[in-house]
Each structure stands twice: as C-alpha cells, then as structure tokens.
Amino acid sequence: MNSDSSQIPAQPLNPETKLSVAGSDTSEPSDLSSAQSDRLYQRVAELQRIEQQLQQEIAALQATKKTLLDQISSSQTALGRMVQEALTELEQRKQTLQITVEQLERRQERIRNEMKTTFAGVSQDLAIRVQGFKDYLVGSLQDLAAAAEQLDLVPQQLASETVVIKEAVPSVAAATPAFAAQGFQEQANQIQKLLDQYRTRPDYYGPPWQLRRTFEPIHAERAAYWFFTQGGKGALRSMGSRLQNILLASSIISVLRSIYDDDLRPLILVNSPERLGEWRRGLQDCLGLARADFSPDRGVVLFEAPEPLAVKADRLLKDGYMPLVIVDETEDQISLSVLQFPLWLAFARDPQSPSYSYDRY
C-alpha cells in the first residue's frame, strides 16, 4: 500500500475534482483507495489553510509597508520644513549682520572724517561770536563800574578799605595767564614742546598727570589754538565723541599741571551722573589718575551744576590755587559765573550737525 502511494504523483486538486471525488458513489469503480482519498483531502485542506495564512501575512505586510511609507513621507516633509526654516533664519541673521557691519563701517568712516577735519573753517565764526560776547561783557562791566563809582554809598570811615581793595586788583590781574603775550615766551615754548612730545613721543607708562594716550595732530592743533589764540579761555568745537573730548582736555590738563604743579585744580561741569562717570574713567585712563585724585580737597572735582562750581573756583582763587573749568558739550548754555575765571574750556557742539548725538559712543 505504501509502494502504491509513492508511485502516484502529488498533483494539486481544483474544487471540481474535490467535489467529484466527494460526491462519487462508493459502488462505482475507482483507481484510488479510500486511504489515498483521505490523504488527498487532508493535503488540500492543509494547503488551503497555509494559503489563508500567507494571504493574512501578505495583508499584514502590506499594511505595515503602507504605515512605514506614510511615516517616511511625514518625516521627509518635517525634515524639509525644518531645513527650510533653518535656512530662512540663517539668511535673516546674515542680512542683520550685514546691516550691522555696514552701520559700523559708516560710523568708523564718520569718526575718521571728524578726526581729519581741521578747526580752521568753523572756528573763526565761533571765535568772532565769543569775542563779541566778551567785548559786550567787558563793556557792560565797565559801565557798571563807572555807574557804581558815581554812587556815594561808601561811608567816610571805609575810604581806607576802599583804597586797599583797589590796590589788590592788580595782583589778581597779574595772576591771569597770558600764554600768547610777549612776556610769556618761555612758557609758550614749554607748552609747544610738551604738545610736540605728546604727539611724536607718547609715553603710555608715564607718571600720573602726564598724558598716556596717542595724541593726533588734530588734538595738538586744537590744544595749541586754545593756549595761544584764545589765551586759555574759550570754546572748542567738540571732537565728535566724549572720549575724544576727554583726551583733548587731558592733554591741556597735563600741560597746565607741568606749569602750575599741585596748584592746578581741574573742575569738570557735566549735567548727569552717567557722563560724570565717563569723565572720571576717561581722565583715569588718559592721565593715570587714582581714586584719591578725585576729591574736593585735591585733584579733579566733578560738578553737575555751575553754581557750586563757581563757588568752589572762587574759593580756590582766594586760597592761591589755579582752577581750570572744563564744560562738557551737553551744556547748551554757559553760566556767566564760569566766564570770570582765568582758565576755562568749553566744548561746543558742531554747528553744522546740530542733531548729532554726542552720547552715541
């Protein structure tokens, strides 16, 4: 029986063959035995079951494939969006940096032009105005003095005191600096020598009160103009930034310090605590000053209002010191009490650029 079954080839059966076998009469003759028929039926059933399993696995694999394709598509879309957003952000940053660089380059060019611009053009008009105001002030004071002399308000017993006061006036006038006068040629030579030294041989590690920073020709020209043309009393056009003004003022302080030694007392007038801090740091940097050099009793004194400055300067003059009044460019109006002292320097804003902000740097 086994030998017979091995000789029969295994062939797939279609449903019609299965039905015909199942529905055949047992009485009809057949080449297949009942055992062989059962085996065929079992094999067909097993194949059908395997086919169903394969079809289910194929469906599951197709579903998994679809899910994976959807996930890959979503990931690619999200990645493309992220890359595009990153590129957009980088492009915006690049544009912002380019704009910032252009602004800095323009600012650098403007500062260079300010440094190269001489004071000859605009200063003449400013000097004429200052000289006119000075003449008006002197004339008014002379008229006031003449009118006071005509008034008989002094008692007879005070006549001797009046004579003493009149005799004391020439001593005050003698203490007034006159750097451009003929009698001060030696002093003028000393000033010019120091300015040339600051410009050509800067000493960055010099002693305190000596200029320690780079001194350009434009700084030397304006300092010489203040000393020799304005006689130590006048306004200079601002250098365009507070740091440059502090550098110019530091050179003048350094020169006057070599002349008057400890008797020189710089008095700085600035109208805000922030700008006072800038002047303090700038003078420390340019002149090598310490914290102890900023005090009411010695060294540099900082003021926010002209009235206490005038009181302090008047007291210093009476005590035999030489006050140097320096006015920041933010002071739009100079108090008349400041103009009475022998040394004063005021920084004036550029009349050609009235809207320019000097607090930008």
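The preceding data block contains the structure.
A closer look at the packing of aromatic side chains
Taken as a whole, this structure holds 4 aromatic pairs when the rule is applied. Measuring from centroid to centroid gives 6.4 Å for Phe227 and Phe228, while their planes differ by 45 degrees, and the two rings are tilted. A residue is classified by how much of its surface remains accessible, and Phe228, at 23% relative accessible area, is partly exposed. Ring-pair connections join several aromatic residues into one group, and the members of that group are Trp226, Phe227 and Phe228. Its guanidinium or amino end placed over the ring of Trp209, Arg257 lies 4.2 Å from that ring's centre, counting from NZ or CZ. Across from the ring centre of Phe294, 4.8 Å away, lies the NZ or CZ of Arg280, which sits over that ring.

Thoughts on unusual backbone geometry
Of note in this structure, Trp209 is not a glycine but carries a positive phi near 75 degrees. Position of Trp209 among the secondary structure elements: in the loop between helix 6 (185-200) and helix 7 (217-229).

Here's the deal with the side chain of Ser250
By the secondary structure assignment, Ser250 is in helix 8 (residues 242-260). With near-sequence residues (within four places) excluded, Ser250 lies in contact with Leu211, Leu283, Cys286 and Leu287.

As for the side chain of Gln230
With respect to the helices and strands, the residue Gln230 is situated in the loop between helix 7 and strand 1 (233-237). In this structure Gln230 comes out as buried when scored by relative accessible area, which is 18%. Within the local environment of Gln230, its side chain forms a polar contact with the backbone oxygen of Ala235, the two atoms lying 3.0 Å apart. Not counting the four nearest positions on each side in its chain, Gln230 is found in contact with Tyr225, Ala235 and Leu236.

Thoughts on helix 6
Given a rise of 1.5 Å per residue, 16 residues ought to cover 22 Å, and the 22 Å separating the end C-alpha atoms of helix 6 matches this to within 8%. Residues Gln187, Ala188, Ile191, Leu194, Leu195 and Tyr198 constitute the buried set of helix 6. Taken down its axis, helix 6 places every buried residue within 125 degrees of arc, on the same side. Relative to its buried face, helix 6 has exposed residues pointing more than 90 degrees away, namely Glu186 and Lys193. In this structure, the buried residues of helix 6 make contact with helix 7 and helix 8.

Quick word on the sheet that holds strand 2 (residues 264-269)
If you walk across this open sheet you meet the 5 strands as 1-5-4-2-3, and the pairing is parallel. Each edge of the open sheet carries a strand with a single partner, namely strand 1 and strand 3 (301-303). Strand after strand, the sheet turns through a mean of 20 degrees between neighbouring axes, direction not considered. Bridging between strand 2 and strand 3 involves 3 bridges; their strand directions are parallel. Among the inter-strand pairings, Leu267 is bridged to a residue of strand 3, identified as Val301. Lying over the sheet, helix 7 contacts strand 1, strand 4 (322-327) and strand 5 (343-348), oriented at roughly 155 degrees with respect to strand 1. Packed on one face of the sheet, helix 9 (residues 273-287) meets strand 2, strand 3, strand 4 and strand 5 and runs near 160 degrees to strand 3.

Considering a nonpolar patch on the surface
Where nonpolar side chains cluster on the molecular surface, the patch consists of Leu47, Ile50, Leu54 and Ile58 and spans about 340 Å² of accessible area. Among the secondary structure elements, Ile50 is positioned in helix 3 (residues 34-116).

Looking at helix 7
Here helix 7 spans 17 Å end to end across 13 residues, near enough to the 18 Å set by a 1.5 Å rise per residue. Along helix 7, the positions that sit buried rather than exposed are Ile218, His219, Ala220, Arg222, Ala223, Ala224, Tyr225, Trp226 and Phe227. Remark: Gly231 follows helix 7 within two positions and exhibits a positive phi of approximately 70 degrees.

What counts and what doesn't
Residues numbered from 1 in each chain as written. Predicted model: local features only at pLDDT ≥ 70, side-chain atom pairs only at ≥ 80, totals over all residues. Heavy atoms only, no water. Phe/Tyr/Trp six-rings, centres within 6.5 Å; stacked < 30°, edge-to-face > 60°. Buried < 20%, exposed > 50% of the residue type's maximum accessible area, 1.4 Å probe, protein only. Lys NZ or Arg CZ within 6 Å of the ring centre and 35° of its normal. Helix = DSSP H or I, 4+ residues; strand = E, 2+ residues; numbered from the N terminus. Contact = heavy atoms within 4.5 Å. Polar contact = N/O pair within 3.5 Å; in protein donor to acceptor, adjacent residues only side chain to side chain. Expected span 1.5 Å × (residues − 1). Arc of directions from axis to C-beta. Pairing = 2+ DSSP bridges. Axes fitted to C-alpha atoms, helices over the stretch in contact; angles between N-to-C directions. Patch = residues over 30% accessible without salt bridge, like charges linked within 9 Å, V, L, I, M, F, W, Y side chains within 5 Å. Areas by Shrake-Rupley, 256 points an atom, 1.4 Å probe, with all protein chains shown as cover. Salt bridge = Lys/Arg side-chain N within 4 Å of Asp/Glu carboxyl O.

Keep in mind these values describe shape, not function.
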